[in-house]
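Chain and residue survey
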Protein chains: 2
Amino acid sequence: MLTYSFEDIGNDTLYEHLYKAVKNDILNGTLTPMQKLPSKRSFAKNLSISTITVENAYSQLLAEGYIFSIPKKGYYVSNFSNPLLPNTDIKSDFHNTDTIHNFSNDDIKVNSLDTSIINDHDTLKDAGGINLTANHINADNFPFSIWSKLIREVISNEKSSLMSPLPSAGSYELRCAIAKHLLDYRGLKVNPEQIIIGAGTEYLYSIIIQLMGRKLVYGLEDPGYKKISKIYNSHKVACTYIPITGSGINMDILKESNADIMHISPSHHFPTGIVTSVGTRYKLLEWANENKARYIIEDDYDSEFRLVGKPIPALLGIDTNKKVIYMNSFSKSLSSTIRISYMVLPAQLMKKYNETLSFYSCTVSAFEQATLAKFISEGYFEKHINRMRNYYRKLRDALLNAIRKSPLNSNCTILEENSGLHFLLKINTNKSDAQLKEDAKSNGLIISCMSDYYMHHHVNDNEHIIIINYSGIDANNIDSIIEKLCQII
Amino acid sequence: MLTYSFEDIGNDTLYEHLYKAVKNDILNGTLTPMQKLPSKRSFAKNLSISTITVENAYSQLLAEGYIFSIPKKGYYVSNFSNPLLPNTDIKSDFHNTDTIHNFSNDDIKVNSLDTSIINDHDTLKDAGGINLTANHINADNFPFSIWSKLIREVISNEKSSLMSPLPSAGSYELRCAIAKHLLDYRGLKVNPEQIIIGAGTEYLYSIIIQLMGRKLVYGLEDPGYKKISKIYNSHKVACTYIPITGSGINMDILKESNADIMHISPSHHFPTGIVTSVGTRYKLLEWANENKARYIIEDDYDSEFRLVGKPIPALLGIDTNKKVIYMNSFSKSLSSTIRISYMVLPAQLMKKYNETLSFYSCTVSAFEQATLAKFISEGYFEKHINRMRNYYRKLRDALLNAIRKSPLNSNCTILEENSGLHFLLKINTNKSDAQLKEDAKSNGLIISCMSDYYMHHHVNDNEHIIIINYSGIDANNIDSIIEKLCQII
């Protein structure tokens with residue numbers, strides 16, 4: 001039986017330590033593809049730890065694709081060069097219940113600063129009802145007083161630098177603060193000189209198009225955010241759509257396609273919630289390495305909000321050939337109304353940017369760059385993210401509990417609830433998706449369905465999968481939401 | 001002799017009233033093309049006003065192209081349909097001394113809030129010397145305390161709206177404030193619904209390209225801002241370069257070109273300082289009206305800083321066929337480090353924007369939009385502009401006086417000093433422009449020459465015209481600047 005020492009675990013929790021130990025043994029070949037892992041109970045007994053610790057470690061390895069499970073049989077090491085991953089039928093695939101695990105959060109370290117966050121504030125006023133599609137952030141959750149204090153300090157102390165034109169790529173202080181954050185939070189070693197700050201990822205896409213050239217073909221996830229597709233189309237660059245499977249994008253279809261740049265969100269795909277498996281990650285990098293023109297855009301838009309276990313590691317972290325353009329923003333973690341995003345370019349692309357595009361002025365106000373730099377470097381951002389993760393977890397749990405206690409429970413399946421700020425609700429109904437949305441609307445509830453996000457590969461217009469984006473809802477509205485949902489099905 | 005009543009002049013100054021009266025008579029045909037106007041002295045005597053009042057009114061009419069002067073003969077009404085304007089040789093043209101007038105500012109209404117503005121602060125540190133090319137704003141000139149107060153108010157009072165996604169075109173409050181400002185300050189009647197806020201004009205150009213289509217040809221001023229050309233080139237849209245004459249762009253060359261969209265700065269061309277004459281303005285609009293695809297982009301980037309007389313009216317103000325896209329920013333009037341610009345689209349283009357591009361999120365932070373809206377609507381912006389105009393006028397006067405008292409005076413001609421934040425210094429020297437710049441640099445002075453701004457039509461690489469951008473210099477450095485300039489010639 002596998003044995004690991006728990007003597008030298010540093011700051012890790014028990015489950016993090018176990019996760020890292022097993023992951024290392026998979027990566028270094030000690031554990032070989034298809035090898036069966038000990039059952040949770042026997043492994044726990046052998047290591048003198050709780051079953052829940054093993055469960056959490058296995059869940060993390062499962063989420064990242066290092067291992068897979070066969071119901072009633074157990075856990076096995078994945079085969080990276082020939083991943084034992086399901087077929088490419090989207091429907092059957094990402095609803096594969098093998099990958100859905102409900103487990104306790106007790107073992108997870110949470111920096112809980114404020115437990116009275118879910119309160120009686122601010123009814124959403126969108127269209128006179130409740131909007132489950134908007135990325136609204138409740139006003140109570142933004143750190144207004146700290147932000148206000150930091151702006152005042154910046155205005156008092158940095159007058160002269162606030163009036164000096166910033167480098168095209170943005171304030172060096174902010175880029176250093178982001179690099180530090182990426183190291184601490186995502187384990188990414190990034191040179192601040194390779195970071196470009198911009199007024200939203202939408203703007204940064206246009207910079208990428210100008211940087212990479214208009215003759216390349218951009219591969220987009222299908223289903224996926226329609227807005228990303230709209231932006232590429234609006235710039236009149238060629239796009240191709242690659243379907244999503246249970247382990248990330250379909251690599252066979254990608255390889256057959258003419259895509260040069262693959263735009264993905266490996267840590268958490270929207271709307272399916274799928275995490276790209278480690279096998280697919282290595283295949284993606286291999287695909288990019290095959291051709292000089294190929295690159296991967298890693299959109300890490302909500303990696304801060306994995307509500308169970310550790311954040312999923314970034315693709316950039318295993319990119320040894322400088323093929324990954326990493327993008328993130330403060331839209332989910334702070335507010336979408338503060339338009340600050342950034343990207344990390346591989347050294348050769350940053351060089352090209354400096355040579356060809358650095359005539360552009362940075363699009364973000366010097367005042368807000370200086371404020372955000374302080375917010376991150378003085379530790380407020382970390383506290384804020386921890387607080388928000390805690391808040392969203394409670395909100396999600398309250399919503400899930402309410403669903404489970406309601407008549408809805410017998411008519412739906414909850415999917416992909418452990419990550420990001422939405423989950424999926426597969427509903428047992430005869431109504432069409434269009435009818436579901438219409439009925440919801442007339443009940444004062446704005447919803448979207450999975451079928452709204454298909455682009456090229458229309459699989460099924462009536463999957464009855466509702467996307468529950470809970471980032472902007474109020475805990476007081478949960479009963480009302482459930483009631484409305486019950487009415488429409 | 002012409003006679004006008006000065007009884008009903010309202011809030012206008014005497015010269016403004018006279019300017020408007022003569023302009024109206026030119027526009028309504030009472031004064032006909034080529035008609036000689038009274039001499040300044042006899043007109044003044046007849047109207048019982050001072051000669052300087054007539055001189056200021058004539059200067060404004062001259063600047064806007066309603067009249068022209070023939071040395072030793074007098075002033076004549078321009079012929080709009082066949083403007084009696086000089087030939088298209090750039091060199092001889094915009095240095096035509098007929099259009100250069102030095103007159104007193106005594107008659108000009110100035111809201112002087114602060115006369116102790118030129119003070120002993122902040123030596124520019126660019127490259128260890130003085131930079132006459134940078135758009136730096138001295139930190140003392142930004143209204144930090146008011147801005148700080150307004151941000152605090154916004155954060156205290158508008159929490160909920162600060163967290164709600166803004167319309168794609170920007171905050172309605174800010175658009176209303178801008179519409180009001182355009183009415184009060186530029187006499188433009190603009191519907192707030194036709195205003196789009198963006199993070200810099202550079203970003204707005206990319207929106208225009210997406211809106212108008214990539215197949216159109218963009219006409220650019222030559223000489224002109226190289227950055228504008230770089231942006232269009234970076235987006236890989238076709239550009240054509242139209243030379244500048246003494247009355248604006250060369251209409252004959254524009255008509256022969258394949259340009260669809262003409263990008264101009266009629267109120268104050270950079271770097272020549274030329275104001276597009278009213279004759280050329282009507283011809284431009286006529287040109288645009290000839291073809292459905294044609295439009296004019298009016299870049300009104302520093303119209304707030306005409307230091308003599310009234311601001312030059314905007315082209316948008318006489319655009320009856322909805323052919324003008326008006327653009328402006330707060331870069332010159334507030335600070336380039338606050339990235340807020342806007343454009344006013346004709347109704348049919350705004351409709352197209354709403355249909356095709358409003359999926360884009362607004363690129364400017366909600367916090368700063370709310371702060372700027374308050375800054376404008378509570379009257380601070382008007383006060384700030386007046387204060388800055390006064391400040392820049394004093395700075396320019398101090399610089400001009402210092403030049404005139406120095407040995408430089410016998411070796412140079414000062415050109416186009418009445419508008420914007422730069423003037424031209426034509427130097428009598430045998431050195432090449434490249435040598436001038438190099439010698440300046442080794443003396444700790446960074447300068448640019450007119451010849452740096454030619455694009456397609458290279459007229460003369462050695463014109464010896466230095467662009468003196470004084471927006472960022474310190475009054476205490478004037479002697480040092482003159483000394484360095486003397487050394488290099």
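This one's a predicted model, so the numbers in the text were calculated from it and none came from an experiment. (Residues numbered from 1 in each chain as written. Chains lettered and ligands numbered in written order. Predicted model: local features only at pLDDT ≥ 70, side-chain atom pairs only at ≥ 80, totals over all residues. Heavy atoms only, no water.)

**Some details on the overall build of chain A**
For clarity, the cut-off: Think of it this way: any DSSP run of H or I at least four residues long counts as a helix, any run of E at least two long counts as a strand, and we number them from the N terminus. Classification of residues uses two cut-offs on accessible area relative to the type maximum, computed with a 1.4 Å probe and protein chains only: under 20% is buried, over 50% is exposed, and between them is partly exposed. What makes two residues a contact is simply this: any of their non-hydrogen atoms within 4.5 Å. All accessibility values rest on the Shrake-Rupley procedure with a 1.4 Å probe; residue burial counts only the protein chains present in the view.
For chain A, the count of helices and strands is 16 helices and 16 strands. For chain A, buried positions account for 62% of its 489 residues. Considering only intrachain contacts with a sequence separation of at least 6, the fraction spanning at least 24 residues in chain A is 74%. Total accessible area on chain A is roughly 18,700 Å²; 47% of this is exposed by carbon and sulfur atoms.

**Regarding the relation of the copies chain B and chain A**
Where we set the bar: To line up the copies, we fit them by least squares on C-alpha atoms, keeping just the residues with pLDDT of at least 70 in both.
For the pair chain B and chain A, the relating rotation is 180°, the translation along its axis is 0.0 Å, and the fit reaches an RMSD of 0.1 Å. Each copy turns onto its partner about a two-fold axis.

**Quick look at the interface of chain B and chain A**
Where interface size is given, it is often the accessible area lost as the parts come together that is meant. Stated precisely, the cut-off is as follows: What gets called buried area is simply the loss in accessible area from a 1.4 Å probe that two parts show on being joined, summed for both. Whenever Lys or Arg places a side-chain nitrogen within 4 Å of a carboxyl oxygen from Asp or Glu, that contact is recorded as a salt bridge. Two N or O atoms count as a polar contact when they lie within 3.5 Å, although within protein this holds only if one can serve as hydrogen donor and the other as acceptor, and sequence-adjacent residues are included solely when both atoms are side-chain atoms. Residue polarity is assigned by list, with Asp, Glu, Lys and Arg as charged and Ala, Val, Leu, Ile, Met, Phe, Trp, Tyr, Cys and Pro as nonpolar; anything else, Gly included, falls into the polar class.
In this complex, chain B contributes 45 residues to the contact, which on the side of chain A involves 45 residues. Between chain B and chain A, roughly 4,200 Å² of surface is buried when both sides are summed, and carbon and sulfur atoms account for 64% of that area. If you look at where chain B meets chain A, you find zero salt bridges. In this structure, the connection of chain B to chain A is made through 18 residue pairs in polar contact (both at pLDDT 80 or more). At the level of elements, helix H5 (144-157), helix H6 (159-163), helix H8 (201-212), helix H9 (226-234) and helix H13 (366-377) of chain B are the ones that each hand at least two residues to the side of chain B that touches chain A. Counting residues per element, the side of chain B that touches chain A draws most heavily on H5 of chain B, which supplies six residues. Within the side of chain B that touches chain A, the residues separate by chemical class into 21 nonpolar, 13 polar and eleven charged.

**A short note on the sheet that holds strand S13 (residues 422-427) of chain B**
All names here are of chain B. Short version of the rule: In this description, strands pair whenever DSSP reports at least two bridges between them.
Read across the open sheet, the four strands follow the order S12-S13-S16-S15; overall the sheet is antiparallel. Each having just a single partner strand, strand S12 (412-415) and strand S15 (448-449) make up the two edges of the open sheet. Across four bridges, the pairing between S12 and S13 is antiparallel. Bridge assignment links threonine 413 to a residue of S13, and that residue is lysine 426.

**Examining the packing of aromatic side chains**
Stated precisely, the cut-off is as follows: Here a Phe, Tyr or Trp ring, Trp counted by its six-membered ring, pairs with any other such ring whose centre lies within 6.5 Å, and the pair is stacked when the planes are under 30 degrees apart, edge-to-face when over 60, and tilted otherwise. Only lysine NZ and arginine CZ atoms are considered, and such an atom sits over a ring when it is within 6 Å of the ring centre and within 35 degrees of the ring normal.
The tally for this structure, following the rule as stated, stands at 49 aromatic pairs over all chains. Seen from their ring centres, tyrosine 225 of chain A and tyrosine 301 of chain A are 6.0 Å apart, and the 80° between their planes marks the pair as edge-to-face. Taken together, the residues span a long stretch of sequence, with tyrosine 225 of chain A in the loop between strand S5 (218-222) and helix H9 (226-234) and tyrosine 301 of chain A in the loop between strand S9 (295-299) and strand S10 (324-329) at a distance of 76 residues. Here tyrosine 301 of chain A falls in the buried class, since its relative accessible area comes to 9%. Three or more aromatic residues link up through ring pairs in this structure, and these residues are Phe142, Phe144, Trp147, Tyr326, Phe330, Tyr342, Phe375, Tyr380 and Phe381 of chain A together with Phe367 of chain B. Lysine 159 of chain A extends its terminal NZ or CZ atom over the ring of phenylalanine 144 of chain B, reaching a point 5.4 Å from the ring centre.

**A few points about the packing of helix H5 (residues 144-157) of chain A against helix H13 (residues 366-377) of chain A**
Residue and element names in this part refer to chain A. Just so we agree on the cut-off: Structural elements are reduced to axes, namely lines fitted to C-alpha atoms, with helices fitted over the stretch in contact, and the angle between N-to-C directions of any two is expressed from 0 to 180 degrees. Roughly parallel refers to an angle under 35 degrees, roughly antiparallel to one over 145, roughly perpendicular to one between 65 and 115, and oblique to any angle outside these ranges. Handedness of each helix crossing follows the sense of rotation of the near helix against the far helix: counterclockwise by less than a right angle gives left-handed, clockwise gives right-handed.
Closest axis-to-axis distance for the H5/H13 pair is 9 Å, and the angle between their directions is 120°. For the element pair H5 / H13, the angle class is oblique. Crossing geometry of H5 relative to H13 is assigned as right-handed. Along the contact surface, H5 presents Ile146, Trp147, Leu150, Ile151, Glu153, Val154 and Ile155, while H13 presents Phe367, Ala370, Thr371, Leu372, Lys374 and Phe375.

**Some remarks on the sheet that holds strand S7 (residues 248-249) of chain B**
Residues and elements named next belong to chain B. Ordered in space as S4-S11-S10-S9-S8-S5-S6-S7, the eight strands form an open sheet in which the pairing is mixed. Where the open sheet ends on each side, the last strands, each with one partner, are strand S4 (195-198) and S7. Direction of pairing for strand S5 (residues 218-222) relative to strand S8 (residues 261-264): parallel, over a ladder of three bridges. The residue of S8 that forms the bridge with leucine 220 is histidine 263.

**A word on the pattern of salt bridges**
Residue and element names in this part refer to chain A. Taken as a whole and assessed by the stated rule, the structure comprises 26 salt bridges over all chains. Two residues, lysine 40 and glutamate 55, come together in a salt bridge whose shortest N-O distance is 3.6 Å. Placement of lysine 40 in helix H2 (residues 40-47) and of glutamate 55 in helix H3 (residues 51-64) is noted, with a sequence separation of 15 residues between them. Residue class for glutamate 55 comes out partly exposed when judged on its relative accessible area of 22%. Within the structure, one salt-bridge network assembled from shared partners comprises Lys149, Glu153, Lys374 and Glu378.

**Here's the deal with the packing of H8 of chain B against H9 of chain B**
Relative placement of two packed helices is described by the angle separating their axes and the distance separating the axes. All names here are of chain B. For the pair H8 and H9, the least separation of the axes is 10 Å and the interaxial angle reads 40°. Relative to H9, the element H8 is oriented oblique. In the crossing of H8 with H9, the sense of the turn from one axis to the other is right-handed. Within the contact between the two elements, H8 uses Glu202, Tyr205 and Ile209 and H9 uses Lys227, Ile228, Ile231 and Tyr232.

**Focus on the pairing of strand S6 (residues 239-245) of chain B**
Residue and element names in this part refer to chain B. Operational definition: Place the viewer so that the strands point away; then a crossover is right-handed whenever the path from the first strand over the helix to the second strand goes clockwise.
S6 sits mainly inside the fold: six of its seven residues count as buried. Pairing of S5 with S6 involves five bridges; the strand directions are parallel. Bridging from a neighbouring strand, aspartate 222 pairs with proline 243 of S6. After leaving S5, the chain enters H9 and then returns to the sheet as S6, a path that is right-handed. Bridge analysis of S6 against S7 gives two bridges, and the strand direction is antiparallel. Each bridged residue has a counterpart across the sheet, and for isoleucine 244 the counterpart in S7 is isoleucine 249.

**Overview of helix H1 (residues 14-27) of chain A**
Residues and elements named next belong to chain A. Note the following rule: The length a helix should cover is 1.5 Å for every residue beyond the first.
Here H1 spans 20 Å end to end across 14 residues, near enough to the 20 Å set by a 1.5 Å rise per residue. For H1, a buried count of ten out of 14 residues is recorded, marking the element as mostly surrounded by other parts of the structure. Considering only its buried residues, H1 is in contact with H2, H3, strand S1 (67-70) and strand S2 (74-77). Two residues or fewer after H1 comes glycine 29, characterised by a positive phi angle close to 90°.

**Concerning the pairing of strand S11 (residues 341-344) of chain B**
All names here are of chain B. Of the two faces of S11, the one lined by Ser341 and Met343 and the one lined by Tyr342 and Val344 are each fully buried. As paired elements, S4 and S11 share four bridges and run antiparallel to each other. Following the sheet pairing, glycine 198 is matched in S11 by serine 341. Pairing of strand S10 (residues 324-329) with S11 involves four bridges; the strand directions are antiparallel. In the strand pairing of S11, serine 329 is matched with serine 341.

**Quick word on the side chain of glutamine 210 of chain B**
Among the structural elements, glutamine 210 of chain B can be located in helix H8. Relative accessible area serves as the criterion here: at 12%, glutamine 210 of chain B is assigned to the buried category. In this structure the side chain of glutamine 210 of chain B is engaged in a polar contact, spanning 2.6 Å, whose partner is the side chain of serine 234 of chain A. Within the structure, glutamine 210 of chain B has its side chain in polar contact with the side chain of tyrosine 360 of chain B (distance 2.7 Å).

**Side note on the environment of isoleucine 478 of chain B**
Residues and elements named next belong to chain B. Take isoleucine 478: it is sitting in helix H16 (residues 478-488). By relative accessible area, isoleucine 478 is classed as buried at 4%. Along the chain, isoleucine 478 and arginine 404 lie 74 residues apart, while their C-alpha atoms are 12 Å from each other.

**Thoughts on the confidence of the model for chain A**
Cut-off, in case you're wondering: Residue-level confidence of the predictor, termed pLDDT, takes values from 0 up to 100.
Of all residues in chain A, 89% attain a pLDDT of 70 or more, and the chain-wide mean is 85. The ipTM for the predicted assembly is 0.82, set against a pTM of 0.83.

**A few points about the state of the cysteines**
Residue and element names in this part refer to chain A. Going by this rule: Throughout, a disulfide means two cysteine sulfur atoms within 2.5 Å of one another.
With the rule as written, the count across this model stands at zero disulfides over all chains. In this structure cysteine 362 is a free cysteine whose sulfur lies 14 Å from that of cysteine 176, the closest cysteine sulfur available. On the accessibility criterion, cysteine 362 (5% relative accessible area) is buried.

**What about helix H3 (residues 51-64) of chain B?**
Residues and elements named next belong to chain B. Taking 1.5 Å of rise per residue, 14 residues should cover 20 Å, and H3 covers 20 Å from first to last C-alpha, within 8% of that figure. All buried positions along H3 are accounted for by Thr53, Val54, Asn56, Ala57, Tyr58, Ser59, Gln60, Leu61, Leu62, Ala63 and Glu64. Looking one or two places after H3, you find glycine 65, whose phi comes out positive at around 85°.

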